[in-house]
Amino acid sequence: QGYSLKRGSAFHLGLLTGSKVRQCLHVVHTYLPRIHEQHQRGVLTASGLPSPQTAIVAGVARYFGLQCAVAVPQYDNAKIDVNRLNVSLAQQYGATVYGARNPRPSGVELLAKVLDARLGYFRIKFGMMADVAMEPVIRQVENVPDYVREIVVISGSGLSALSILKGLARYGKTHVERVTVVALSHFFEDHKAHWYDGLPESDRFHGDVNIVPAPMDYGKLCDTTDFDWTYESKAFLWMQANRPPSRDVLF
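Please read these numbers as outputs of a predicted model, since none were measured by experiment.

K.L.:
Just to check I follow, could you spell out the environment of Ala133 for this structure?
P.N.:
Residue position: Ala133 is located in helix H5 (residues 130-133). Once you skip the residues sitting within four places of it in the chain, Ala133 turns out to touch Gln23, Val27, Phe126 and Leu159.

Right, here's the structure in full:
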């Protein structure tokens, strides 16, 4: 007997897979009239490496026939690095890639602000669009089986994990006693305080929210499982080490 499994990666748009693709499609579709009328029919996003955000936004932009610009840390063109695969895919989807000389998040964010002023494109920043971005994942909670007692989920920005908490409340999944969030950064707790903790009692999950650090850093790839090397693989390693196989545990 193994764990229960619900894969966001079963959703795909061309080569792009995962819940964040679903989120991005929903965000762009929601704001599409505004993008056409006020933002030069273009979208802009900023991301670190090796985040798939650049490829996802570029692929969704192509799907809707939009221009796309992405800001990332600048890198040496002579270097071959799997962390750059998503940026290369973004280029293949037609995005223009801009590199920030300061590789820290503050440097990439500054570049994005400069591009925002220059291009006038609509900024895709999931952490600032939580109410819209979270909705497609919230709806995925409706079919969580009644026998599940714990959900284990990876957290990068934290929006998918928070969406699960909101979905459990919306669909009355009181049989789920605990959600364990395997966190790659502080963003889950930051976004939880901003987007979740102030919600009415009826919109919040009343079980245990267990936040644990991922066993590997965000920037280190984990290729020891069949899941995503940047995200899910690390949560799966944590689950294997800390939870015996049981269908009651939903990954």
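K.L.:
Hey, could you run me through helix H3 (residues 85-92) in this one?
P.N.:
One full turn of an α-helix is made of 3.6 residues, so residues set three or four places apart face in the same direction. Among all positions in H3, only Asn86, Val87, Leu89 and Ala90 are buried. Considered in projection along H3, the buried side chains sweep an arc of 160° and stay on one side of the axis. Among the exposed residues of H3, those oriented more than 90 degrees off its buried face are Leu85 and Gln92. Each element contacted by the buried residues of H3 is listed here: strand E2 (16-17), helix H2 (53-63), strand E4 (67-73) and strand E5 (96-100). Gly94 occupies a position one or two residues after H3 and carries a positive phi of about 105°.

K.L.:
Help me understand the sheet that holds strand E7 (residues 150-155), please; the structure alone is not making it clear to me.
P.N.:
Strand pairs in the sheet, formed through backbone hydrogen bonds, run parallel or antiparallel to each other. Pairing within the open sheet is parallel, and its four strands lie in the order E9-E8-E7-E10. For this open sheet the edge positions go to strand E9 (208-213) and strand E10 (249-250), each flanked by a neighbour on one side alone. As paired elements, E7 and strand E8 (residues 178-183) share six bridges and run parallel to each other. Along E8, the bridge assignment pairs Val152 with Thr180.

K.L.:
Where do I start with the packing of aromatic side chains in this structure?
P.N.:
Each aromatic ring pair is specified by the distance between its two centres and by the angle formed by the two planes. Taken as a whole, this structure holds seven aromatic pairs when the rule is applied. Consider the rings of Tyr63 and Phe64, whose centres lie 5.1 Å apart with planes at 90°: the pair is edge-to-face. A residue is classified by how much of its surface remains accessible, and Tyr63, at 54% relative accessible area, is exposed. Residue class for Phe64 comes out buried when judged on its relative accessible area of 18%. Taken together, the ring pairs connect Tyr3, Phe227, Phe236 and Phe251 into an aromatic cluster. One cation-aromatic arrangement involves Arg22 over Phe11; the distance from NZ or CZ to the ring centre is 4.4 Å. Over the face of the ring belonging to Tyr147 we find Arg247, whose NZ or CZ atom lies 3.9 Å from the ring centre.

K.L.:
Could you clarify how one ought to interpret the sheet that holds E5 in this entry?
P.N.:
Taken together, four strands build an open sheet; the order of strands is E5-E4-E3-E6 and the sheet is parallel. Each of the sheet's edge strands pairs with one partner strand only, and the pair in question is E5 and strand E6 (122-123). Pairing between E4 and E5: five bridges, direction parallel. Within E5, the residue paired with Pro73 across the bridge is Ala100.

Definitions and cut-offs
- The residue count restarts for each chain, going from 1 along the sequence in the order it is written.
- Selection of residues for local features in this predicted model requires a pLDDT of at least 70, selection of side-chain atom pairs for listing and counting requires 80 or more, and totals for whole chains, interfaces and linings are taken over all residues.
- Note: side-chain values were computed over all heavy atoms of the structure, leaving out hydrogens and water.
- Secondary structure is summarised from DSSP: a helix means a run of H or I of at least four residues, a strand means a run of E of at least two, and numbering begins at the N terminus for each.
- Contacts are assigned to residue pairs that have any heavy atoms within 4.5 Å of one another.
- The buried label applies to any residue whose accessible area, calculated with a 1.4 Å probe on protein chains only, is under 20% of its type's maximum; exposed applies above 50%, and partly exposed to all values in between.
- Think of the arc as the fan of directions from the helix axis to the C-beta atoms.
- Following DSSP output, two strands are said to pair if at least two bridges run between them.
- Note on aromatic contacts: the rings of Phe and Tyr and the six-membered ring of Trp form a pair at centre separations within 6.5 Å, being stacked when their planes are under 30 degrees apart, edge-to-face when over 60 apart, and tilted otherwise.
- Whether a charge lies above a ring is judged from NZ of Lys or CZ of Arg, which has to be within 6 Å of the ring centre and within 35 degrees of the ring normal.

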